Amino acid sequence: MSTPTNTTRVGDEFEKQIFDYFRDEIDAGRMPFKKDCCKLFAKKGYYSRDRCSEIIFDISLEIYLPGQQQHLVLLLIECKRYSHPVPVDDVEEFFAKVEQVGAANTKAIVVSTAPYQKGAREFANAKKMGLARYFGPENFKWELQRSLAVTASASGAGYEDLERGLSDDVFPDASFDFYFQGPQALTNSLWDFIEDTCAEVPAAPHALLKARNKRRAAREVAFLAGAAIEDLGASVLSRIGYSGGEVALQEICKRELVTSGLQVQLDVPHNDAEVGARLLGRITFDPLVIQVFAQSEPNQGRERFTLAHEMAHHFLDHGRYLVHESCDSNDFVLHRTGMTNAAIARLEFQANYMASSMLLPRARVIHDFHKLMRTLGIADKGFGALYVDDQPCNLHNYEFVTGQLMKKYAVSRSAVRIRLETLQLLRDKRTVLSVGQMVRWNKTFL
């Protein structure tokens, strides 16, 4: 059990974390109002008429018009580092404190590491308060550069995900720092949340036009055509003098250690405090390190694709967009369904495409594929060179072709499937196993 001293220390650290976050956003111009019009304070007191003394608030943000000495809007923020859902009583208590010190221009915001009980959210909505749930980067599979994650307009996730981010005890958030409930809308965008909150202050939206920042266009992940990714993969192989068969990934690693300082760590033990034991690999861009995690059931093909996937992020210069990235087997599909962040979807598509192009070089795979098809006596009847559905005969052909390529190139069946898809040699029409479900199929086929 935590002692009061430890609890206070943890709470203070969380308050500083949130304070620093807001300060960084203000300094970088990623807030709706200009830096010179914002004053951010930690532990500042505001006079309470009822107490005849000051009430100290965790964080306060005062927003001024240019040249004015008195703030037009005051946002008072309470930070709660909880391991249990925030109850309605806590939200009501904080609102009562804010009412003692503020007029109509003062708004209450609660920031928590935990979700909110239904009653807490309903009370906040009735009182036009703001609620925020914070996810630290240690919880992310993908930590985006702030310029990509924060400047995007409106919500980066769908309504249901925003609801879950605020309400679910366990919510495996992928990339967003915050899930917000504003007076009028749910969002992942701090910019939109602050705008929403200030819009509830009488006369503020019009008056604050003089203090407004110009919103930056969201930074987008560059589109890369398949041919460009193929060329990049081929250039990597040419640097190590590749001549056929299994690609020597270790030679690529040795070369990158010299040319870029890339550190590669294999068979890394899992830390249970991380996203979970399902993690296969990770890349961190500063310092530049790739880790491939130890698995309870070793699988050479899967481990090689994991390494190639993370190396692809490096070769594609995804450090322009990401702080770090982690992957599990669910990520090893060409087209990931259900992903709410288009930027991440594009990054993962590119990494999987390039990983498959490095492990299974285009010209050699096409040659080997057609040779295997001739062995089976299979002709393209207009359904795709290799067509697989739920029929046993088509499943047999699929398993034979992919199995032979797995052996020759020392890769997983998932890697072969992705490669044949990128080369438009495979058409998968199974009803039980869609492309997105394939990686969760029987281990025999992974």
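Look up: the structure comes first, before these words.
Thresholds applied
- Residues numbered from 1 in each chain as written.
- Predicted model: local features only at pLDDT ≥ 70, side-chain atom pairs only at ≥ 80, totals over all residues.
- Heavy atoms only, no water.
- Helix = DSSP H or I, 4+ residues; strand = E, 2+ residues; numbered from the N terminus.
- Expected span 1.5 Å × (residues − 1).
- Buried < 20%, exposed > 50% of the residue type's maximum accessible area, 1.4 Å probe, protein only.
- Disulfide = S-S within 2.5 Å.
- Arc of directions from axis to C-beta.
- Contact = heavy atoms within 4.5 Å.
- Axes fitted to C-alpha atoms, helices over the stretch in contact; angles between N-to-C directions.
- Left-handed = near helix turned anticlockwise from the far one by under 90°.
- Nonpolar A, V, L, I, M, F, W, Y, C, P; charged D, E, K, R; others polar.
- Salt bridge = Lys/Arg side-chain N within 4 Å of Asp/Glu carboxyl O.

With 16 residues, helix α10 (residues 300-315) extends 22 Å between its outermost C-alpha atoms, agreeing within 8% with the 22 Å of an ideal straight helix rising 1.5 Å per residue. Burial within α10 is extensive, with 13 of its 16 residues counted as buried. Where α10 ends, the next residue or the one after it, Asp 317, has phi of about 60°, a positive value.

So, on to the state of the cysteines. With the rule as written, the count across this model stands at zero disulfides. Unpaired in this structure, Cys 198 has its nearest cysteine sulfur neighbour in Cys 38, at a distance of 8.7 Å. Take Cys 198: its relative accessible area is 3%, and that puts it in the buried class.

Moving on, we get to helix α12 (residues 362-376). The terminal C-alpha atoms of α12 lie 21 Å apart, and with 15 residues this matches the ideal 21 Å at 1.5 Å per residue to within 8%. Every buried residue of α12 is listed here: Val 365, Asp 368, Phe 369, Leu 372 and Met 373. The arc that holds every buried residue of α12, seen down its axis, measures 140°, which confines them to one face. The outward face of α12, more than 90 degrees from its buried face, is lined by the exposed residues Ala 363 and Arg 374. Buried positions along α12 lie against β13 (386-388), α13 (392-409) and α14 (413-422). Of the residues trailing α12, Gly 377 is marked for its positive phi of about 70°.

Asp 286 connects to Pro 287 through a cis peptide bond whose omega is 5°. Mapped onto the fold, Pro 287 is located in the loop between β10 (281-285) and β11 (288-293). You will see that Asp 267, though not glycine, has its phi angle at about 55°, which is positive. Mapped onto the elements, Asp 267 comes out in strand β9 (residues 263-268). Note on Asp 267: relative accessible area 59%, which makes it exposed. Not every positive phi belongs to a glycine, and Asp 317 is a case in point at roughly 60°. Within the secondary structure, Asp 317 is located in the loop between α10 and β12 (322-327). For Asp 317, a relative accessible area of 42% gives the class partly exposed.

All right, on to the packing of helix α9 (residues 249-259) against α10 then. Where α9 meets α10, the axes come as close as 11 Å, and the angle between the chain directions of the two elements is 35°. In terms of crossing hand, the pair formed by α9 and α10 is left-handed. The residues of α10 that touch α9, namely those facing Leu 249, Gln 250, Ile 252, Cys 253 and Glu 256, are Arg 304, Leu 307, Met 311, His 314 and Phe 315. Residue composition of the contact of α9 with α10, grouped by class: six nonpolar, two polar and two charged.

Right, let's get into the pattern of salt bridges. A complete count under the given rule lists 21 salt bridges for this structure. Note that Arg 30 is salt-bridged to Glu 25, the shortest N-O span being 3.0 Å. In this structure, Arg 30 and Glu 25 share a single accessibility class: buried. Where Glu 256 meets Arg 255, a salt bridge forms, and the shortest distance between an N and an O atom there is 3.9 Å. The class for Arg 255 is partly exposed, based on a relative accessible area of 33%. In this structure, a network of salt bridges that share partners links the residues Lys 16, Asp 20, Arg 23 and Asp 24.

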